Amino acid sequence: MDDSRAPDPRSTPAIDTSVSHSARIWDYWLGGKENYLVDRRLGDQIAEVLPDIVDQARADRAFLKRVVSFFVEQGIRQFLDIGTGLPTADNTHEVAQRIAPESRVVYVDNDPLVLAHARALLTSTPQGATSYLDADMHDPETILRGARETLDFSEPVAVTMLGVAWHITDDQEALRIVGRLMEETAPGSYIAIAHPTIEATGERMAEAIRQWNQFGKPPGIHRSPAQIAALFEGLELVDPGVVSCTRWRPEPLPFGEPEESDQYCGVARKPQSAA
């Protein structure tokens, strides 16, 4: 396999094409073209250990569409998408503005390839707004400061951290980051987190993460549903709680519930009584 379908690294000078990166591997699993040979090799290596990883990636993307639609239905018109990843079908602004054209969206990522494709994310309806912030999720102060240029934090905001919180490997740091982000939002705001577990496939998922950490970056961990739920401290979990992404308010199926995935998720609301 050659790199003929990959983006030209000469046009994005900060990209290290010798090391795989999570955004590009997820792009590969989702059928995108913004990835390099090193990403495809590790993606295939992980898929050999965990054949349903592509289904998990797609389940995460389907959850994004459902949860953004849910937020709009709750009256939310402002979105802070942390860990944007590479643009694909049904990005946050596309889902939100399709229903509510006045929606305002801020994307946050620190991958130089995502930055190179930011223009694809910056499209917007005339009524709304879309912007991109080059920042690290470990630095919530910079995120909040930059997001205020587009979003009004006196009104509710929906924060999404889908498939990225697992890269915050320290539980206390993860809790601090989520807490700081939500501290600045208005009551009635929401946060959605999608995170790998080993609930569905057990050791196969654990081995896939070990391989990721050996050959890819940034490193990550799996968490139990209880550990994921703990990240929503001080917030009100929305039904059905922390569950497989495939089972969070899925479209009705004629043959029962969707199969569980190792990718779990939860959505929580900041109480109206919160300070």
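No experiment lies behind these values; they were computed from the predicted model shown.

Trainee: Please explain the packing of helix 3 (residues 53-73) against helix 4 (residues 92-99) as it appears in this structure.
Mentor: Between two packed helices, what matters for the description is the angle formed by their axes and the separation of those axes. Here helix 3 crosses helix 4 at 40 degrees, and the two axes come no closer than 9 Å. Classified by the angle between their axes, helix 3 and helix 4 sit oblique to one another. For the crossing formed where helix 3 meets helix 4, the hand is right-handed. The segment helix 3 lies against helix 4, with Leu64, Lys65, Val68, Ser69 and Val72 engaging Thr92, Val95, Ala96, Arg98 and Ile99. In the contact of helix 3 with helix 4, the residues fall into 6 nonpolar, 2 polar and 2 charged.

Trainee: Even after reading the chapter, I still don't get helix 4, so can you show me in this structure?
Mentor: Think of an α-helix as turning once every 3.6 residues; residues three or four places apart then point the same way. Among the residues of helix 4, Thr92, His93, Val95, Ala96 and Gln97 are the ones counted as buried. Packing partners of the buried residues in helix 4 comprise helix 3, strand 2 (78-82), strand 3 (104-109), helix 6 (118-121) and strand 4 (129-134).

Trainee: Can you help me understand the pairing of strand 6 (residues 190-196) in this one?
Mentor: Side-chain positions along a regular strand alternate between the two faces of the sheet. Among the 7 residues that make up strand 6, 7 are buried, leaving the element largely enclosed by the rest of the structure. By the alternation rule, side chains of strand 6 split into Tyr190, Ala192, Ala194 and Pro196 and Ile191, Ile193 and His195, which are all buried. In this sheet, strand 6 lies alongside strand 5 (residues 158-162) in parallel orientation, the contact comprising 5 bridges. What sits directly across from Met161, in strand 6, is Ile193. Assessed by its sense of winding, the connection that carries the chain from strand 5 through helix 8 (residues 171-183) to strand 6 is right-handed. Sheet analysis places strand 6 next to strand 10 (residues 263-269), joined by 7 bridges and oriented antiparallel. Across the sheet, the residue bridging to Tyr190 is Arg269, located in strand 10.

Trainee: I tried to follow the state of the cysteines on my own but got confused; where do I start?
Mentor: Linking two cysteines covalently through their sulfur atoms gives a disulfide. For the structure shown, the criterion picks out 0 disulfides. Unpaired in terms of disulfides, Cys245 finds its nearest cysteine sulfur in Cys265, a separation of 3.8 Å. By relative accessible area, which is 0% here, Cys245 ends up buried. Judged by its relative accessible area of 0%, Cys265 is buried.

Trainee: In this structure, what is going on with the nonpolar core? I would like to understand it.
Mentor: Side chains of nonpolar character tend, in soluble globular proteins, to be buried together. Counting residues in each nonpolar core, the largest one holds 33 residues, and the members touching the most others are Phe63, Val67, Phe71, Phe79, Trp248 and Val267. With 7 residues, helix 3 is the largest single contributor of residues to this core. If we ignore the near neighbours within four places in the chain, the residues touching Phe79 are Val68, Phe71, Val72, Thr92, Ala96, Ser103, Arg104, Val105, Val106, Leu151, Val157 and Ala158.

Trainee: What should I look at first to understand the pattern of salt bridges in this one?
Mentor: Once their charged atoms are close, side chains differing in charge can pair, the charge on each being opposite to the other. Considering all chains together, one arrives at 14 salt bridges under this definition. The salt bridge involving Arg77 is made with Glu102; its shortest N-O contact spans 3.0 Å. Of this pair, Arg77 sits in the loop between helix 3 and strand 2 while Glu102 sits in the loop between helix 4 and strand 3; the two residues are 25 residues apart in sequence, bridging distant segments of the chain. Note on Arg77: relative accessible area 28%, which makes it partly exposed. Here Asp90 makes a salt bridge to Arg98, at a shortest N to O gap of 2.7 Å. Within the structure, one salt-bridge network assembled from shared partners comprises Glu141, Arg148, Arg180, Glu183 and Glu184.

Trainee: Looking at this structure, how should I read the confidence of the model for the protein?
Mentor: Low-pLDDT stretches of the model should not have their predicted coordinates read in fine detail. In the predicted model, the protein carries a mean pLDDT of 87, and 92% of its residues have values of at least 70. Note on residues 1-13: pLDDT under 50 across the span, and 26 contacts to partners over four residues away in sequence or across chains.

Quick notes on the rules
Residues numbered from 1 in each chain as written. Predicted model: local features only at pLDDT ≥ 70, side-chain atom pairs only at ≥ 80, totals over all residues. Heavy atoms only, no water. Axes fitted to C-alpha atoms, helices over the stretch in contact; angles between N-to-C directions. Helix = DSSP H or I, 4+ residues; strand = E, 2+ residues; numbered from the N terminus. Parallel < 35°, antiparallel > 145°, perpendicular 65-115°, else oblique. Left-handed = near helix turned anticlockwise from the far one by under 90°. Contact = heavy atoms within 4.5 Å. Nonpolar A, V, L, I, M, F, W, Y, C, P; charged D, E, K, R; others polar. Buried < 20%, exposed > 50% of the residue type's maximum accessible area, 1.4 Å probe, protein only. Pairing = 2+ DSSP bridges. Right-handed = clockwise from strand over helix to strand, strands pointing away. Disulfide = S-S within 2.5 Å. Core = buried A, V, L, I, M, F, W, Y, C linked by side-chain atoms within 4.5 Å. Salt bridge = Lys/Arg side-chain N within 4 Å of Asp/Glu carboxyl O. pLDDT = per-residue confidence, 0-100.

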